[in-house]
Each structure stands twice: as C-alpha cells, then as structure tokens.
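The lines below spell out each chain.
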Amino acid sequence: MLVDVSGVDGVPETMLWTLRNRAIESARPDSAFDDPLAEDLYARIGDHADFGDPSESHPLRAVAFDRVTREFLAEHPDGTVVALGEGLQTSYWRLGRPSVRWVSVDVAEAVALRERLLPAEVGMEHLACSALDRSWMATVEPDDGVLVTAEGLLMYFQPDEVRSLIADCAVRFPGGAMVFDSIPVWFSDQTLDGHDVSATYTAPPMPFGLDVDHALALGESIPGVRSATDIPLPAGRALWKPELIDQLGHARPSITLLDFDTADPTGPT
C-alpha cells in the first residue's frame, strides 16, 4: 500500500520533487549515483505529482554535498552535522551511517513524514521547527566542530533572512562551517510568481538567489565568515555537462562552503 502524502504542499512538497529525481537517477543503469534508499522511498510514495521530466540537478547536488560532508567528518570525527530543511534527504545513509551526531531540522509535517518512512538511527535526532527558529542552535555544542548543511532550502527564504541565519550560525559555531546551494539571480527573478515545473505542478517562489561572485563575497560581507569556497558540481549529462554549465559563467547554479572564524566575532579580541 502506498503511503499517503497528499496533504504535503508548499515548500515541504519540494522534498517529494527532489526525492523523485534522486530515485530515478539512482535507478538508471548508466548512472554513477547510488541512492537505494531514495528508490525505496519513491516506490512507497508513488507519483505524488507531475514533477515534469526527471532532472539530474538534484542528484548532482547531493553528490557535491556528500563530498563536503565526508571531508568535514574526516577532519572532525567527533563533530556534529546539522541538516537544515532535510526533508527526505538520505545523505546519512549514502555516507555509510557515520557514527556522529546528526541533527535533522525541519518543519513538523516534514519531520513526521521522515520519522514514518526512514529508519531510526541511534546517532540521528529530529527537531521539528523552521531553520529560521534559532531554538535548534541551543541544542548543538560547537566544541568538536559543526557542519550546517542547507540543501535545497535557502532559496525559499528572503535575502535578509538568509544573511541573518548565516551570521547567527557563525556566532554560535565558531570554527564550524556551512554549505548551501543557490540558484542564480536571473532564475530567482523568474520564480517570484511560482516556477512551473510541469503543466500541473508549480514550485513555490524562490526569492533568494546568488550569483557565484556574490556568494564568494559572503566571506567579506558577513561578520564571522572567514572564507567562502565555490564547490563544483560533478560532471553530468545533457544540460548538466560541464561545458554547458560553464557557458553561464558566474550566473549558474552554485554550491558554497563557508568557513567560520574560530572566535566569536561579536566578542572581545
């Protein structure tokens, strides 16, 4: 029997869109992307909506985030990963169920679906709140290193909300890091009345967009951010071939890794 997710809409519904794309890509015999848990979830949910033609964008993004997370955990084996707006991401299992504290933060309906569908893990906990609700920060100790991930999330926030969130993370987690993806400004502008993914599904507006130059400038414009690094996507097919993405220059989709200062930027020096 299929799991009923008909009541999921708005921004939380996008977790079903990205899940579908990861599952379909994982099932392709010519793909290097491997996400069997996503395939299982998709089979249990079914075609919730017409999300249009499958896109390789979400699987490629997942691979890039996995690489950043894996490198962080190699340097901070006792660290904490905080996954903001995690939805039905299956990163923890693709990474081999790392023996670290993994905090999944999302709104209540997403957490309820996640706890219903995904395996329970000793090292994983769920917090049912918005990423903008700073209460989640109080549950995470910064001493052993913290990586905050925001995969497919920040574009749905307002620009001032994003900058404030980044600044607060830098204060709360000195020496930590944050990785997030951005859509370019030209695409953000096109989505403000909704993004028509298909004839029957319109994704929510995405008011926050960053071109690559602006993303890299966050290292100089937000207190507590020591550096900003552009994380390349792995090579894909069709529209996601590197030579086609390169034609967009710095007005392309991007992933940015922010490293935070090792001391509280608001405190004494």
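Just above sits the structure.
It should be emphasised that the depicted structure is a prediction, and the values quoted were computed from it without experimental measurement.

Enquirer: Quick question: what am I supposed to make of the side chain of aspartate 35 here?
Expert: Take aspartate 35: it is sitting in the loop between helix H1 (10-27) and helix H2 (36-45). Polar contacts involving the side chain of aspartate 35 include one to the side chain of threonine 90, which spans 2.8 Å. Beyond its immediate chain neighbours, meaning those up to four positions away, aspartate 35 contacts Arg22, Ser26, Thr90 and Arg94.

Enquirer: I would appreciate a short explanation of the nonpolar core in the present structure.
Expert: Nonpolar side chains in soluble globular proteins tend to be buried together. Counting residues in hydrophobic clusters, the biggest one holds 46 residues, and the most contacted among them are Leu16, Trp17, Leu88, Leu113 and Met206. Taken together, the elements giving at least two residues each to this core come down to H1, H2, helix H3 (57-75), strand S1 (80-84), helix H4 (91-94), helix H5 (108-117), strand S5 (177-182) and strand S9 (254-260). Contact partners of leucine 88, with chain neighbours within four places excluded, come to Met15, Leu16, Leu19, Arg22, Leu41, Ile45, Leu113, Arg114, Leu117 and Leu118. If you look at the next biggest cluster of nonpolar residues, it comprises 34 residues, including Cys129, Met178, Ala215 and Val225.

Enquirer: Just to check I follow, could you spell out the sheet that holds S5 for this structure?
Expert: Strands belonging to one sheet form pairs held by backbone hydrogen bonds; the direction of such a pair is parallel or antiparallel. Strand order in the open sheet made by the seven strands is S3-S2-S1-S4-S5-S9-S8, with mixed pairing throughout. Only two strands of the sheet have a single neighbouring strand rather than two, namely strand S3 (124-128) and strand S8 (225-231). Strand after strand, the sheet turns through a mean of 20° between neighbouring axes, direction not considered. Pairing of S1 with strand S4 (residues 146-150) involves five bridges; the strand directions are parallel. Looking at S4, one finds that alanine 83 is bridged to threonine 149. Taken strand by strand, H5 contacts strand S2 (101-106) and S3, and its axis lies near 150° from that of S3.

Conventions and cut-offs
- Residues numbered from 1 in each chain as written.
- Predicted model: local features only at pLDDT ≥ 70, side-chain atom pairs only at ≥ 80, totals over all residues.
- Heavy atoms only, no water.
- Helix = DSSP H or I, 4+ residues; strand = E, 2+ residues; numbered from the N terminus.
- Polar contact = N/O pair within 3.5 Å; in protein donor to acceptor, adjacent residues only side chain to side chain.
- Contact = heavy atoms within 4.5 Å.
- Core = buried A, V, L, I, M, F, W, Y, C linked by side-chain atoms within 4.5 Å.
- Buried < 20%, exposed > 50% of the residue type's maximum accessible area, 1.4 Å probe, protein only.
- Pairing = 2+ DSSP bridges.
- Axes fitted to C-alpha atoms, helices over the stretch in contact; angles between N-to-C directions.

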